[in-house]
Amino acid sequence: MGTGEPPDAPRPAPSSPGPASPASSGPAPAGTPPPGAARDRTVAVSLVAAQFALLVILVLSRPRWAPPPPLRWTGLVLVALGLVAMAATAATLRRGLTPSPLPNDHAVLRTTGPYRFVRHPMYTGLLITALGWTLASPGPVRACALLALAVLLGIKARWEETRLARRFPDYPAYARRVPRLIPGFRPRTTHDR
């Protein structure tokens, strides 16, 4: 998940519960989920399940050949770097950490720590770890799972960002300044907002 500002940052006002039903004369009762919340939860669970399945394939598939020692060591270094990046992100998020692409009740907009470099440092760390694992013990199934994971995390990041922009008014400005997954990489498109 890609949220957070320093822990003392002001919390955003709760989002409005949505329009009242046509039959009612007043606002919706407090605690009513916004329209589309059930669909969002279903999509979020599906994305997390697909990610978990690809990680299982990536970890449990058998390597097909032994890489040369320099490639193996490069892979192991990348695994370590990816794990460090994920640990730093988890420490930054604290109680806002969740496997779901939907921000939880403790989430605040994070723009410091690893979030200075990319909007989704947990996904970046996961991809670095997966790449390292694939290089350290290569195989065609593992390589396909890595590619599928990269595509899935790109989709998940974009989907998550629309929800973050709804929750945090400053998110679009942050997204214009900071790349999504690769530090320093800013593609020339209008879609990366």
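This structure is a prediction, so every number in the text was calculated from the model and none was measured.

The rules we used
- Residues numbered from 1 in each chain as written.
- Predicted model: local features only at pLDDT ≥ 70, side-chain atom pairs only at ≥ 80, totals over all residues.
- Heavy atoms only, no water.
- Helix = DSSP H or I, 4+ residues; strand = E, 2+ residues; numbered from the N terminus.
- Contact = heavy atoms within 4.5 Å.
- Areas by Shrake-Rupley, 256 points an atom, 1.4 Å probe, with all protein chains shown as cover.
- Core = buried A, V, L, I, M, F, W, Y, C linked by side-chain atoms within 4.5 Å.
- Buried < 20%, exposed > 50% of the residue type's maximum accessible area, 1.4 Å probe, protein only.
- pLDDT = per-residue confidence, 0-100.
- Polar contact = N/O pair within 3.5 Å; in protein donor to acceptor, adjacent residues only side chain to side chain.
- Phe/Tyr/Trp six-rings, centres within 6.5 Å; stacked < 30°, edge-to-face > 60°.

Attention now goes to the overall build of the protein chain. When its secondary structure is counted, the protein chain shows 5 helices and 0 strands. Listing the helices and strands of the protein chain from first to last along the sequence gives α-α-α-α-α. Sequence separation of at least 24 residues holds for 77% of the intrachain contacts in the protein chain that already meet a minimum separation of 6. Taken as a whole, the protein chain presents about 11,100 Å² of accessible surface, with 69% of it coming from carbon and sulfur.

Turning to the nonpolar core, a few remarks are in order. Of all hydrophobic cores here, the largest spans 19 residues; its most connected members are Leu58, Tyr123, Leu126, Ala130, Leu149, Leu153 and Trp159. For this core, the secondary structure elements donating two or more residues are helix H1 (37–60), helix H3 (121–136) and helix H4 (140–167). Counting residues per element, this core draws most heavily on H4, which supplies 7 residues. Ignoring anything within four residues of it in the chain, the contact list for leucine 58 reads Ala130, Trp133, Thr134, Arg142, Ala145 and Leu146. Leu93, Tyr115, Phe168 and Tyr174 belong to the second-largest nonpolar core, a separate cluster that totals 10 residues.

A few words now on the confidence of the model for the protein chain. In the predicted model, the protein chain carries a mean pLDDT of 82, and the fraction of residues at 70 or more is 78%. Averaged pLDDT values over the elements of the protein chain bottom out at 93 in helix H5 (residues 171–177) and peak at 96 in H3. A low-confidence stretch, residues 3–30 (pLDDT under 50), is modelled with 41 contacts involving residues beyond four sequence positions or located in other chains. pLDDT under 50 marks residues 188–193. Its contacts with residues more than four places away, or in other chains, come to 9 contacts.

For the rest of this paragraph, the subject is the side chain of arginine 119. Within the fold, arginine 119 resides in the loop between helix H2 (69–93) and H3. Given a relative accessible area of 0%, arginine 119 falls into the buried group. Within the structure, arginine 119 has its side chain in polar contact with the backbone oxygen of valine 178 (distance 2.5 Å).

Time to look at the packing of aromatic side chains. Given two aromatic rings, one states the distance between the centres and the angle between the planes to describe the pair. This structure, assessed with the given rule, holds 1 aromatic pair. Pairing tyrosine 171 with tyrosine 174 gives two aromatic rings, centres 5.6 Å apart and planes at 65°, and the pair type is edge-to-face. Residue tyrosine 171 and its partner tyrosine 174 are both found in helix H5; the two are separated by 3 residues, about one turn of the helix. Under the relative-accessibility criterion, tyrosine 171 is labelled buried at 1%. By relative accessible area, tyrosine 174 is classed as buried at 1%.

Tracing the sequence through the fold places alanine 143 in helix H4. The spatial distance from the C-alpha of alanine 143 to the C-alpha of leucine 131 is 8.5 Å, given a sequence separation of 12 residues.

Tracing the chain through its elements places proline 169 in the loop between H4 and H5. For proline 169, a relative accessible area of 68% puts it in the exposed group. Residues proline 169 and leucine 109 lie 60 residues apart in sequence; the distance between their C-alpha atoms is 9.4 Å.

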